[in-house]
Amino acid sequence: MARKRKKTALCLNEILTDDLLVEILHRIPCKSAFQCKSVCKKWRKLISKTYFTRCFARRHRSDHRKKRRELGEEGVVVKRSFNHLFFIPSEYKHQFSFDFLPFFSSKQKNPTTFIAGSSNNLFLCTADQAAYYVCNPMTNHWIALPPPPPLLESVHIYPGLVVFGSSMSRTTFKVIRVLVPVTGEKKLSEFEVDVFCSITGKWGRLKTGPSPKPFIWSVRRSPAICYRGRLHWIATSENQMVVYDVRKNSFCFIIEPPKNSTKHSVVPALSGAFYVAQFSKRSSKLKLWQLDYPDNEQAEPKWRFKGKFMLHEYVRHGRRWLTELFIKRVLTIHRHDRNIIYLGANSEVWYLAGKFRCHRYVVSCNLRTKTLDLVYESQNDLFHRADYAYSIGFRMWPPPISPARP
């Protein structure tokens with residue numbers, strides 16, 4: 001079969017010129033175009049060229065904008081991988097996977113956190129903080145990074161991924177590892193960081209500039225959120241947000257949590273905005289704040305209150321037992337519609353076979369129509385560990401991953 005396919009490809013390549021192939025292939029959908037890369041080396045090289053991606057963009061730009069506008073609640077599906085939840089466009093549901101990563105089969109026996117960072121639909125993955133991979137789960141493309149510098153002392157590692165430039169033909173990125181010494185309650189203002197640059201293909205260990213004030217990193221490891229070329233962690237015991245500027249190699253801001261907020265959930269940056277949310281289980285009250293960066297890069301960003309929403313007043317759609325669910329927390333926001341928020345919920349707890357059990361759910365909350373809809377259900381006990389949620393954007397052409405230089 002493989003021999004027959006190869007012979008067919010050779011025959012087509014003898015008949016069709018490169019211009020004719022581009023004229024044909026740039027008209028097909030993105031998923032099919034990526035599948036055509038596997039036909040032969042010539043097609044792979046042709047489809048990877050900047051000229052092809054430009055032709056593809058001109059052809060599909062209007063359709064892509066229309067699909068993004070139509071991508072509402074029904075256009076998003078939820079997938080779970082160990083303790084990670086992914087909210088992805090329905091077009092990607094059959095191809096979205098991490099099974100292609102070299103270490104992933106071993107994770108079946110030890111389901112832990114394997115995503116160390118994300119940016120622009122690319123993911124930084126690791127099994128043990130010693131080997132790192134940057135991958136695109138929509139296209140199953142990945143690269144292995146060279147080993148990072150060895151650790152000379154006991155440290156906590158806080159990694160992150162920053163994508164600086166992403167065109168349809170090339171992506172540049174940096175991987176950051178903040179090395180926090182195990183010092184107990186001692187406040188620090190300077191840290192060592194390991195930085196990998198995709199342009200040079202090398203790691204480097206640097207000393208950061210002093211932060212605005214000393215602080216203590218929290219033991220809990222909230223994932224870094226990339227926004228405006230900076231990494232943001234909820235990293236202190238007071239729920240302060242620590243901001244690291246990759247270009248300047250310094251912690252530029254220590255942002256206090258919003259006023260009148262207690263424990264809040266960080267919602268990933270999307271469509272030029274960055275939110276935090278707070279949900280009160282007792283009163284079913286949802287509050288949202290947006291982080292505003294001023295034009296002056298030296299000025300500290302401020303929180304702006306977006307609104308308060310009483311979810312017990314919302315209309316609940318779906319099966320009758322949806323009214324018996326208990327909403328627990330905010331997961332994420334729809335990537336292209338800020339009025340749709342996804343919430344984690346569970347049913348009443350019961351005792352079975354020596355264990356307390358309950359069903360876990362994801363509920364979409366539409367602030368525009370004031371409705372709640374059930375979008376995901378799981379009876380798996382691992383679902384209670386799904387502490388990290390990622391909202392995947394709908395891209396006209398998935399960001400490519402160039403091989404790391406030796």
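Each remark here, short or long, concerns the structure printed above.
Residues numbered from 1 in each chain as written. Predicted model: local features only at pLDDT ≥ 70, side-chain atom pairs only at ≥ 80, totals over all residues. Heavy atoms only, no water.

> Sorry if this is basic, but what is going on with unusual backbone geometry here?
Excluding glycine, most residues fall at negative phi; most peptide bonds, likewise, are trans. Of note, the phi angle at Asn 121 is positive, near 70°, even though the residue is not glycine. The class for Asn 121 is buried, based on a relative accessible area of 7%. (Buried < 20%, exposed > 50% of the residue type's maximum accessible area, 1.4 Å probe, protein only.)

> For this particular structure, what's the right way to read the packing of aromatic side chains?
Aromatic ring pairs: the centre-centre distance and the angle between the two ring planes describe each pair. Considering all chains together, one arrives at 27 aromatic pairs under this definition. Measuring from ring centre to ring centre gives 6.1 Å for Phe 191 and Trp 217, while their planes differ by 85°; the resulting arrangement is edge-to-face. Highlighted residues: Phe 191 in the loop between β8 (171-181) and β9 (192-197) and Trp 217 in the loop between β10 (202-207) and β11 (225-227), separated in sequence by 26 residues. In this structure Trp 217 comes out as buried when scored by relative accessible area, which is 8%. Three or more aromatic residues joined by ring pairs form one cluster here, namely Tyr 158, Phe 191, Phe 215, Trp 217, Trp 233, Tyr 244 and Phe 251. Geometry around Trp 203 places Arg 177 over its ring, the cationic atom sitting 5.9 Å from the centre. (Phe/Tyr/Trp six-rings, centres within 6.5 Å; stacked < 30°, edge-to-face > 60°. Helix = DSSP H or I, 4+ residues; strand = E, 2+ residues; numbered from the N terminus. Lys NZ or Arg CZ within 6 Å of the ring centre and 35° of its normal.)

> For this particular structure, what's the right way to read the environment of Leu 331?
Along the polypeptide, Leu 331 turns up in strand β20 (residues 326-333). Apart from residues lying up to four places away in sequence, Leu 331 is in contact with Leu 85, Phe 87, Tyr 342, Leu 343, Gly 344, Val 362 and Ala 389. (Contact = heavy atoms within 4.5 Å.)

> Please clarify how the pairing of strand β25 (residues 371-378) should be interpreted in this entry.
Consecutive side chains along a regular strand alternate between the two faces of the sheet. Two strands pair when backbone bridges link them, and strand β19 (residues 315-316) and β25 are joined in this way by 2 bridges, in the parallel orientation. In the sheet register, Arg 316 faces β25, and the bridge partner there is Leu 372. Summarising the sheet, strand β24 (residues 360-366) and β25 pair through 7 bridges and their orientation is antiparallel. Of the residues in β25, the one forming a bridge with Ser 364 is Asp 373. Counting the residues that bridge the hairpin from β24 to β25 gives 4 residues, and of these Lys 370 lies at a positive phi of roughly 55°. (Pairing = 2+ DSSP bridges.)

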